[in-house]
Amino acid sequence: MPLDPLSVLMYQPADSSARRLVDIGGALTPPTVPTPHGSYEVLRLTPSMRLLTWRREGARFDLSSTGRIQVWAAKRLAASECADDCRTHGVQPLEQEDVAYLEAYLLARDRAWNNSSSPGNPKL
């Protein structure tokens, strides 16, 4: 599946620097009424050259059973959002821009950490 640019609606609470993903789609518009509790913004996320290279080489992007983004090359973990994965498996950490893109990409494809079809989740 190609890594196309994605439009996302982000929310940033007034009391936090962390943005939160609200929606993914082609025709997104932020609310027109000002909100005192935070702000909304539509962003265009594009895959980095690193992600495009991994995809071209056949890598798979997925979520661990704890909801962390992982990059798999064949049956080997190649990179992870999780610092513990990086230390334990000696893999590269994902850049924040890659984490933001892959979060939207995976959610747009109905992938979630608690989805029983994720490879890190045991079959119930």
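Quantities reported herein were computed from a predicted structural model and do not represent experimental measurements. Throughout this document, residue positions are counted from 1 along each chain, in the order its sequence is written. Where local features are concerned, this predicted model is filtered to residues with pLDDT of at least 70; where side-chain atom pairs are given and counted, the filter is 80 or more; whole-chain, interface and lining totals use all residues. Calculated side-chain values reflect all of the structure's heavy atoms, with hydrogen atoms and water omitted.

**Q** I'd like a description of the overall build of the protein, backed by residues and values.
**A** What the protein contains, in helices and strands, is three helices and seven strands. We call a residue buried when its accessible area falls under 20% of the maximum for its residue type, exposed when it is over 50%, and partly exposed in between, using a 1.4 Å probe and counting protein chains only. Residues classed as buried in the protein amount to 34% of the 124 residues present. Only heavy atoms matter for contacts: two residues are in contact if any of them lie within 4.5 Å across the pair. Excluding contacts between residues fewer than 6 apart, the proportion of contacts in the protein whose partners are at least 24 apart in sequence is 51%. Accessible area for the protein stands at about 7800 Å²; split by element, carbon and sulfur atoms hold 53% of it. Numbering of helices and strands runs from the N terminus; a helix is a DSSP stretch of H or I covering at least four residues, while a strand is a stretch of E covering at least two. Computed by Shrake-Rupley with a 1.4 Å probe, the accessible areas treat only the displayed protein chains as cover when residues are assessed.

**Q** Can you explain the pairing of strand E5 (residues 69-73)? Please cite residues and give values.
**A** Summarising the sheet, strand E4 (residues 60-63) and E5 pair through four bridges and their orientation is antiparallel. Bridging across to E5, phenylalanine 61 finds its partner in valine 71. From the end of E4 to the start of E5, which pair antiparallel, there are five residues, and glycine 67 there has a positive phi angle of about 90°. Here a strand pair is declared whenever DSSP counts at least two bridges between the two strands. Of the pairings in the sheet, the one linking E5 to strand E6 (residues 76-80) comprises four bridges and is antiparallel in character. The partner of glutamine 70 across the bridge, within E6, is serine 80. Count of turn residues in the E5/E6 antiparallel hairpin: two residues, of which alanine 74 carries a positive phi of about 60°.

**Q** Help me get a handle on the state of the cysteines, residues and values and all.
**A** Sulfur atoms of two cysteines make up a disulfide when they are within 2.5 Å. In the structure shown here, the tally under the stated rule is zero disulfides. With no disulfide partner, cysteine 82 has as its closest neighbouring cysteine sulfur the one in cysteine 86, 7.1 Å distant. Taking relative accessible area as the criterion, cysteine 82 reaches 16% and is therefore assigned buried. Given the relative accessible area of 14%, cysteine 86 is considered buried.

**Q** Which residues make up the sheet that holds E4, and what are the values?
**A** Across the sheet, which stays open at both edges, the four strands sit in the order E4-E5-E6-E7 with mixed pairing between neighbours. Only two strands of the sheet have a single partner each, and these edge strands are E4 and strand E7 (92-93).

**Q** Tell me about unusual backbone geometry, and please be specific about residues and values.
**A** You will see that alanine 74, though not glycine, has its phi angle at about 60°, which is positive. Tracing the chain through its elements places alanine 74 in the loop between E5 and E6.

**Q** Hey, could you go over the side chain of serine 48 for me, with residue numbers and the actual values?
**A** Within the secondary structure, serine 48 is located in the loop between strand E3 (38-45) and helix H1 (49-56). Assessed through its relative accessible area of 11%, serine 48 is described here as buried. Among the polar contacts made by the side chain of serine 48, one reaches the side chain of aspartate 98 at a distance of 2.7 Å. When neighbours within four sequence positions are excluded, serine 48 is seen to be in contact with Glu97 and Asp98. N or O atoms within 3.5 Å of each other form a polar contact, as long as, within protein, one can give a hydrogen and the other can take it, and as long as residues adjacent in sequence are counted only when both atoms are side-chain atoms.

**Q** Tell me what's going on with the environment of leucine 63, and back it up with residues and numbers.
**A** Mapping leucine 63 onto the fold places it in strand E4. Distance in space between the C-alpha atoms of leucine 63 and leucine 102 is 9.5 Å, their sequence separation being 39 residues.

**Q** Lay out the packing of aromatic side chains with the relevant residues and their values.
**A** Classification of ring pairs rests on two measures: the distance between centres of Phe, Tyr or Trp rings, Trp counted by its six-membered ring, which must be within 6.5 Å, and the angle between planes, read as stacked under 30 degrees, edge-to-face over 60 and tilted in between. One pass over the full model with this rule turns up three aromatic pairs. Judged by centre distance (4.9 Å) and plane angle (45°), the rings of tyrosine 11 and tyrosine 40 are tilted. Note that tyrosine 11 is positioned in strand E1 (residues 6-13) and tyrosine 40 in strand E3, a separation of 29 residues in sequence. Relative accessible area serves as the criterion here: at 14%, tyrosine 11 is assigned to the buried category.

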